[in-house]
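# Structure assessment
Listed here are the chains, written in short residue letters.
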Amino acid sequence: MDTDKIIVAASRNKHKIEEIEAITKKFGMSIISRDEAGVPKIEIEEDGETFEENSFKKANEIMKLCGKITLADDSGLMVDYLGGAPGVYSARFAGEDGNDEKNNEKLIKLLEDVPAKERTAQFVSVITMVFPDGETLVARGECPGRIILVPTGDNGFGYDPLFVPDGYDKTFAQLTSEEKNQISHRAVALKELEKLLLARK
């Protein structure tokens, strides 16, 4: 693949785009947002039951609108004690009008009586890259860890203040962006995506 190609990010989440770009720029990939690509402001309903389904749907719909290589990420937190919840509902765990704070409050409430050793979880990211000719690359990354009950740290977003990755004694929200980009679920997925891109040369 010609790695200087422009890739359109289906996401409008500036945090996600920054994290993805911090990693993809090492591979010579330029990412522009869907707004910069002139994609109409339509909402794509994320009604899939898996991260893979949602990621593909977002990438494919935007690719059809802009005609360029499109990359979409669907990610979330899977808590083992909760049977994998919130999963694909991570962003709207506390309801459609929820926000990070309400989502975190709900998670804490559900886990407040659960012993620390049973609060294992993993952040999951699935990145799908769809090409105008129909080719599709799918990369999944996971970062295992555990949930704490007191939000700690100011650097992250979402569930970051409650998630301590395995091998660390700090939450995602206490790590620097450089540290997080070494180990995050998105970093793992992007490394997998890099392998897929290299394999298609």
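The paragraphs below set out a description of the structure included in this document. (Residues numbered from 1 in each chain as written. Predicted model: local features only at pLDDT ≥ 70, side-chain atom pairs only at ≥ 80, totals over all residues. Heavy atoms only, no water.)

So, about the sheet that holds strand β3 (residues 70-79). Strand order in the open sheet formed by six strands is β2-β1-β3-β4-β5-β6, with mixed pairing between adjacent strands. Only two strands of the sheet have a single neighbouring strand rather than two, namely β2 (30-33) and β6 (163-165). Averaged over all neighbouring strand pairs, the angle between strand axes comes to 35 degrees, with direction disregarded. Where β3 lies against strand β4 (residues 120-130), 10 bridges are found, and the strand directions are antiparallel. For Leu77, the partnering residue across the bridge sits in β4 and is Phe123. Helix α5 (residues 185-199) contacts β3, β4 and β5 (136-147) of the sheet and is inclined by roughly 155 degrees relative to β5. (Pairing = 2+ DSSP bridges. Helix = DSSP H or I, 4+ residues; strand = E, 2+ residues; numbered from the N terminus. Axes fitted to C-alpha atoms, helices over the stretch in contact; angles between N-to-C directions. Contact = heavy atoms within 4.5 Å.)

Following the criterion strictly, the structure yields three aromatic pairs and no others. Aromatic rings pair up to connect Phe123, Phe163 and Phe172 into one cluster. The side chain of Lys106 reaches across the aromatic face of Phe93, ending 4.4 Å from its centre. (Phe/Tyr/Trp six-rings, centres within 6.5 Å; stacked < 30°, edge-to-face > 60°. Lys NZ or Arg CZ within 6 Å of the ring centre and 35° of its normal.)

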